[in-house]
Amino acid sequence: MSLVIVGSVAFDTIETPWERKEKIVGGSCTYCALAASYFTRPKIVAVVGEDFPKQTIRLFKKRNIDLEGLKIVPGGKTFFWEGRYGFDPNQRSTIRTELNVFQDFRPEIPPAYKKADILFLANIDPDLQENICRQVEKPKLVAMDTMRLWIESKPAALRRVLKQVDILFANDEEIRMLTEERNLIKAGKKILGQGPTLVIVKKGEHGALVFGESLVFGIMAHPCEDVVDPTGAGDSFAGGFLGYLDRVKRFGKKEIRRAAVYGSVLASFTIEDFGINRFRSLTKREIAGRFLHFKRLVSF
Ligand code: AMP
């Protein structure tokens, strides 16, 4: 099996009520690929500028991430995003977005990626997501994520992508905006009629809900006393979820449930440190330990 991830590789400036970090590495593709790399060998499609740190490229290589689809633009500047969190880690505002090399990015899938079994369209411009969909030959599973910016600025393109995907990852605010429905169960059901057969609604520190035609599954978030930086939790969830499915090569209900728990486990590690720092030391053993801990937390 193989997992192709398309999304942003970025510099982020993050402000929490306690600390501010300037220009650290982030991006939807970055978090997702790092999380998935504990289960499979993800292939990424993204673009960065020449200013992107070699040290992070070395980390990607160390985690065995396939970088054939990572374009480095000579003299270019990497995509930049600045976000600010309030006391409630689920509340975030975007302060600044600079597209930089993304402005003229026309993603090209390397021939070796075209037969991907799982395609993840992480959060980027829906026009780019659509373009990628056209280049991949009949994947077994296509999943997508998005954000408020695209729901508001490119709703038509977003709807076209939605029609082509099997799984939508969205947070509670995004799914309410997409469906104009306050109740999350009704919102999830509405999305099921618009393309996806599975919807995963992420509720930050309250966990996630998985909806399918005949499946409703709730996962709690790992009780974390010290949320250092919530950035990338959603992408890490998707990476753990899809990386696990790619490894087990089956998409039945049991696998979906376990994938969701792995998603939650990976997200819980990401938020323990700023940016991608936690991935520098995270081990498979720690992941297995937290998976078991989750099991004990919810069995009665
Ligand atoms: P998450 O916290 O999982 O929603 O994802 C946060 C990541 O999304 C950050 O590391 C940002 O670099 C990235 N991001 C923010 N805005 C955009 C955007 N407009 N397009 C692509 N990626 C973005």
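We now turn to the structure provided with this report. Predicted, not measured: the structure shown is a model, and the values here were computed from it.

About the criteria used
Residues numbered from 1 in each chain as written. Predicted model: local features only at pLDDT ≥ 70, side-chain atom pairs only at ≥ 80, totals over all residues. Heavy atoms only, no water. Pairing = 2+ DSSP bridges. Helix = DSSP H or I, 4+ residues; strand = E, 2+ residues; numbered from the N terminus. Axes fitted to C-alpha atoms, helices over the stretch in contact; angles between N-to-C directions. Contact = heavy atoms within 4.5 Å. Core = buried A, V, L, I, M, F, W, Y, C linked by side-chain atoms within 4.5 Å. Buried < 20%, exposed > 50% of the residue type's maximum accessible area, 1.4 Å probe, protein only. Expected span 1.5 Å × (residues − 1). Near = heavy atom within 4 Å. Polar contact = N/O pair within 3.5 Å; in protein donor to acceptor, adjacent residues only side chain to side chain. Areas by Shrake-Rupley, 256 points an atom, 1.4 Å probe, with all protein chains shown as cover. Parallel < 35°, antiparallel > 145°, perpendicular 65-115°, else oblique. Left-handed = near helix turned anticlockwise from the far one by under 90°.

### Examining the sheet that holds strand β7 (residues 92–98)
At step 1: Across the sheet, four strands lie side by side as β3-β2-β6-β7; this open sheet has mixed pairing. Two strands in the sheet have a free side with no partner beyond their single neighbour: β3 (20–26) and β7. The mean angle between the axes of side-by-side strands here comes to 20°, regardless of whether they run parallel or antiparallel.
At step 2: By the bridge criterion, five bridges tie strand β2 (residues 10–15) to strand β6 (residues 80–85) in an arrangement that is parallel. Of the residues in β6, the one forming a bridge with F11 is F80.

### A look at the sheet that holds strand β11 (residues 198–202)
At step 1: Pairing is mixed across the open sheet formed by nine strands, whose spatial order is β5-β4-β1-β8-β9-β10-β11-β12-β13. Of all strands in the sheet, those bounded by a partner on one side alone are β5 (66–73) and β13 (215–219). Each strand of the sheet is rotated relative to its neighbour by a mean of 15°, with strand direction disregarded.
At step 2: Two strands pair when backbone bridges link them, and β11 and strand β12 (residues 208–212) are joined in this way by five bridges, in the antiparallel orientation. Directly across from K202, in β12, lies its bridge partner A208.
At step 3: Together, β1 (3–6), β4 (43–49) and β8 (118–121) form the strand contacts of helix α1 (residues 28–36), whose direction differs from that of β1 by roughly 160°.

### Quick word on the nonpolar core
At step 1: One finds F120, F169 and F241 to be the most contacted residues of the largest nonpolar core, which totals 60 residues.
At step 2: Among the elements that line this core, the one with the most residues is helix α9 (residues 253–270), at nine residues.
At step 3: Residues within four places of F120 in sequence aside, it is in contact with L3, V4, I5, V6, C32, A143, M144, D145, F169, A238 and L242.
At step 4: Counting 43 residues, the second-largest nonpolar core is a separate cluster that includes F102, L121, A187 and L209.

### Considering helix α8 (residues 233–248)
Residues three or four positions apart in an α-helix share a direction because the helix packs 3.6 residues into each turn.
At step 1: The terminal C-alpha atoms of α8, which comprises 16 residues, lie 23 Å apart, in line with the 22 Å expected from a rise of 1.5 Å per residue.
At step 2: Among the 16 residues in α8, twelve count as buried, and that is most of the element.
At step 3: The set of residues buried in α8 consists of D235, S236, F237, A238, G239, G240, F241, L242, G243, Y244, L245 and D246.
At step 4: K249 sits one or two residues past α8 and shows a positive phi near 60°.

### Quick notes on the environment of G234
At step 1: Position of G234 relative to the elements: it lies in helix α8.
At step 2: Put simply, G234 and C32 are 202 residues apart on the chain and 8.4 Å apart in space, counted from C-alpha to C-alpha.

### Quick word on the site of the ligand
At step 1: Taken together, 18 residues lie around the ligand, and S8, D12, G27, G232 and D235 are the ones closest in.
At step 2: One of the side-chain N or O atoms of D235 is found 2.7 Å from an oxygen atom in the ligand.
At step 3: Burial of the ligand by the protein amounts to 93% of the accessible area it has alone, namely 510 Å².
At step 4: Looking at the shell around the ligand, the elements that each hand over two or more residues are β2, α4 (148–153) and α8.

### Side note on the packing of helix α3 (residues 126–135) against helix α5 (residues 155–163)
At step 1: Interaxial distance between α3 and α5 falls to 8 Å at its minimum, and their mutual angle equals 30°. For the element pair α3 / α5, the angle class is roughly parallel. Along this stretch, α3 crosses α5, giving a crossing that reads as left-handed. Side by side, α3 and α5 meet where P126, D127, Q129 and E130 of the first sit next to A157, L158, R160 and V161 of the second.

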